[in-house]
Amino acid sequence: MKFNPNYFVIAGWLIDGSNCKVQKDVVLEISGEKVSGIHVAEPVFLDYIRSQKQRVFDYSKDTVLPALIDNHVHLSLAGTTNPEIRQNQLSQHQSLSKVYRRICTHLNLHCDYGIAAVRDAGDFRGFVQAFVAAKSKCLPASIRLQFCGKGWHNTGRYGRMIGCAVKRNTALASEIENSKELCGGWVKIVNSGLNSLVQFGQETAPQFSRADLRAAVQTAISRGLRVMVHANGKIPVRLAIEAGCHSIEHGFFMGQSNLKRMADKQITWIPTATTMAALIQKGSISAKAADIAKRTLNHQLKQLRLAREYGVPVGLGTDSGSIGEDHGKAVWQEMQLYRSAGFGLGETVKSASAVNAKLLQANDIGTLRTGKQAAFIIISGGPRDILNDPQRSKIVATDGVLYRDNSNIMNDC
Ligand SMILES: [Zn+2]
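1. Quick look at the overall build of the protein
Part 1: Broken down by element type, the protein carries 12 helices and 17 strands.
Part 2: Computed over C-alpha atoms, the radius of gyration of the protein comes to 22 Å, within 12% of the 22 Å expected from 2.2 N^0.38 for 413 residues, which places it in the range of a compact globule.
Part 3: By its C-alpha atoms, the protein is 75 × 45 × 40 Å across when sized along the principal axes.
Part 4: For the protein, buried positions account for 49% of its 413 residues.
Part 5: Look at the contacts in the protein between residues 6 or more apart in sequence, and 70% of them connect residues 24 or more apart.

2. What to know about the packing of helix α9 (residues 274-282) against helix α10 (residues 287-310)
Part 1: As a packed pair, α9 and α10 sit with axes 9 Å apart at the nearest point and diverge in direction by 155°. The orientation of α9 with respect to α10, classified from their angle, is roughly antiparallel. Here α9 runs over α10; the crossing is left-handed. Touching M276, A277, L279 and I280 of α9 are A290, A293, K294, T296, L297 and Q300, all from α10.

3. Some remarks on the nonpolar core
Part 1: Of all hydrophobic cores here, the largest spans 112 residues; its most connected members are A240, C245, I248 and F376.
Part 2: Beyond its immediate chain neighbours, meaning those up to four positions away, F376 contacts V64, L65, P66, A67, L368 and A397.

4. Some details on the environment of L197
Part 1: Examined against the element boundaries, L197 turns out to sit in the loop between β10 (186-190) and α6 (210-222).
Part 2: The exposure class assigned to L197 is partly exposed, which follows from the 19 C-beta atoms found within 10 Å.
Part 3: Ignoring sequence-local partners within four residues, the contact set of L197 consists of I285, A289, I292 and A293.

5. Re the sheet that holds strand β16 (residues 401-404)
Strands in a sheet are paired, the pairing made by backbone hydrogen bonds, and the direction either parallel or antiparallel.
Part 1: Taken in spatial order, the 8 strands line up as β3-β2-β1-β4-β14-β15-β16-β17 in an open sheet, and their pairing is mixed. What marks the edges here is a single partner per strand, and that holds for β3 (34-40) and β17 (407-408).
Part 2: Bridge analysis of strand β1 (residues 7-14) against strand β4 (residues 56-66) gives 6 bridges, and the strand direction is parallel. If you follow F8 over to β4, its bridge partner there is V56.

6. Observations regarding the sheet that holds strand β5 (residues 68-73)
Part 1: Spatially, the 3 strands line up as an open sheet ordered β5-β6-β7, and their pairing is parallel. For this open sheet the edge positions go to β5 and β7 (144-147), each flanked by a neighbour on one side alone. When strand polarity is set aside, the average angle formed by the axes of neighbouring strands in this sheet is 15°.
Part 2: Judged from the 4 bridges that link them, strand β6 (residues 115-120) and β7 form a sheet pairing that is parallel. Looking across to β7, one finds that D120 is bridged to F147.

7. Observations concerning unusual backbone geometry
Part 1: Positive phi, close to 50°, is recorded for D25, a residue that is not glycine.
Part 2: Counting through the fold element by element, D25 comes out in strand β2 (residues 23-31).
Part 3: Despite not being glycine, Q266 has its phi angle at roughly 55°, a positive value.
Part 4: Relative to the assigned elements, Q266 resides in the loop between α8 (256-265) and β13 (268-270).

8. Comments concerning the domain arrangement of the protein
Part 1: Per the domain assignment, the segments of the protein are domain 1 (7-66 + 367-412) and domain 2 (68-360).
Part 2: One C-alpha centre belongs to domain 1, the other to domain 2; they are set 31 Å apart.
Part 3: Going through the elements one at a time, β4 and β15 (394-398) are the ones with two or more residues in the side of domain 1 that touches domain 2.
Part 4: It is β15 that provides the largest number of residues to the side of domain 1 that touches domain 2, a total of 3 residues.

9. Looking at helix α12 (residues 345-360)
Part 1: For α12, built from 16 residues, the straight-helix expectation of 22 Å at 1.5 Å per residue is met to within 8% by its first-to-last C-alpha distance of 22 Å.
Part 2: At S351, α12 is deflected by roughly 45°, the largest bend along its length.
Part 3: Burial of α12 is extensive: 13 of the 16 residues sit out of reach of the surface.
Part 4: Once α12 ends, the next one or two residues include Q361, with phi positive near 55°.

10. Notes on helix α11 (residues 329-340)
Part 1: Under the 1.5 Å per step criterion, the end-to-end length of α11 is 18 Å for 12 residues, consistent within 8% with the ideal 16 Å.
Part 2: Among all positions of α11, only A330, V331, W332, Q333, E334, M335, L337 and Y338 are buried.
Part 3: For α11, the secondary structure elements touched by its buried residues are β5, β6, α9, α10 and α12.
Part 4: Directly beyond the C-terminal end of α11, a positive phi value near 95° is found at G342.

11. Thoughts on the packing of α6 against helix α7 (residues 234-243)
Part 1: Across the interface, α6 lies against α7 with an axial gap of 8 Å and an inter-helix angle of 40°. One element, α6, and the other, α7, form an angle in the oblique class. Judged by the sense of rotation from one axis to the other, the crossing of α6 with α7 is right-handed. Between α6 and α7, the residues in contact are R210, L213, R214 and V217 and L239, A240, E242 and A243, respectively.
Part 2: Of the residues in the contact of α6 with α7, the class split is 5 nonpolar, no polar and 3 charged.

Cut-offs applied
- Every chain is numbered independently, its residues counted from 1 as its sequence is written.
- A pLDDT threshold of at least 70 governs which residues receive local features in this predicted model, and a stricter bar of 80 or more applies before side-chain atom pairs are shown or counted, although totals over entire chains, interfaces and linings include all residues.
- The way it works is that DSSP assigns letters per residue, a run of H or I at least four long becomes a helix, a run of E at least two long becomes a strand, and they are numbered from the N terminus.
- In this setup the radius of gyration rests on C-alpha atoms only. A globule is expected at 2.2 Å times the number of residues raised to 0.38.
- Partly exposed residues are those whose C-beta has more than 12 but fewer than 20 other C-beta atoms within 10 Å; with 20 or more the residue is buried, with 12 or fewer it is exposed, and the C-beta atoms are placed from the backbone.
- We call two residues in contact when the distance between their C-beta atoms, placed using the backbone, is within 7 Å.
- Where helices are involved, their axes are fitted lines through C-alpha atoms of the stretch in contact, as for all axes, and angles between N-to-C directions lie from 0 to 180°.
- Roughly parallel covers angles under 35 degrees, roughly antiparallel covers those over 145, roughly perpendicular covers 65 to 115, and oblique covers all other angles.
- Handedness of each helix crossing follows the sense of rotation of the near helix against the far helix: counterclockwise by less than a right angle gives left-handed, clockwise gives right-handed.
- In plain words, the nonpolar core is the set of buried Ala, Val, Leu, Ile, Met, Phe, Trp, Tyr and Cys residues that C-beta atoms within 7 Å link up.
- A pair of strands counts as paired when DSSP detects no fewer than two bridges linking them.
- Bear in mind that the domain bounds are from an automatic or database domain assignment.
- Here the expected span of a helix is defined as 1.5 Å times the quantity of residues minus one.
- One axis fitted to the seven residues ending at a residue, another fitted to the seven starting there: the angle between these axes is the bend at that residue.
- Note that Gly is not counted as nonpolar here; it falls among the polar residues with everything else outside the nonpolar set of Ala, Val, Leu, Ile, Met, Phe, Trp, Tyr, Cys and Pro and the charged set of Asp, Glu, Lys and Arg.

What follows is the structure, given as structure tokens:
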């Protein structure tokens, strides 16, 4: 045996994101920014690498996961429950430097929670886009960012907070065709309203016709962009699926037939279930509204169970920046909800890593296998409890470098 890696990590348990298995007693070999080998932690092998004076980090009582991805965030907003602060963050008159600082803070929070990539799902002034253009040097090196800029909604319908309205007598496809601002990989279309907290399961009409959506998706694809559609309810989701979108965002009350359609077409679903959990726990809402939110959450968890059964590619996104949804932490809360919907631990991690990476076409992250980026998380303890405490101390590996609380721990050894 001959090795020339930078270091080895002995992992008590490894969930590599590629399948649903939890592997026991594994050694990761890291060379530069890449995983250069995965080995069984047999005593003879461990003796050998130690005898070769190789650098070995022993986490044999801990669990290693690939770095995670949040495929639905709003970086320009904090998950604050304070109405005044929220109003300020939604103001047209706030200074760009303040917004940029907020975006930076949120990206760093994602890094702290072991998140290697995020997809921003829109804001009303294209803040994230402007941030990337003006402040690319402030982007943490360890996080990848895809974004849609301003989302598109129909005049007089929901969506003002996350985008802009299609101009009167103008086709959605023309807006996409003529937009000079698209550069983050995605177009966001809002095709329904929000969940009602007054009447359980109330569905809203679609914002766009089948023909409009189809033309919009084709135009986006012709510009090298992918399409995410905010859609709740049977008809808005169905039209988005039939138009050939790449992901359905939220999908509350979409129904079994749409889940089967998504499984057939392998369209990714981002359920954002934790939005309802956050409203129940932290939102200043009436008891009746909280009860409707609770029933809505339970309905979404039932849909998640069906999605698993039908084989829908279930990714994971949190809607961080919504009320009570803190950047970074919310990913771990959403994973807990997947577990309560019957997803196994390995399946849950796969949704937040490999399925999400595939949606972003980021093939070098999302799984921890030989040749992939050395981007991973080490969580103290065995796999059973790793989702229970999002604040649990973590070691995050970025491009092969190990950090705890933002400090490079490799220098201490
Ligand atoms: Zn959103």
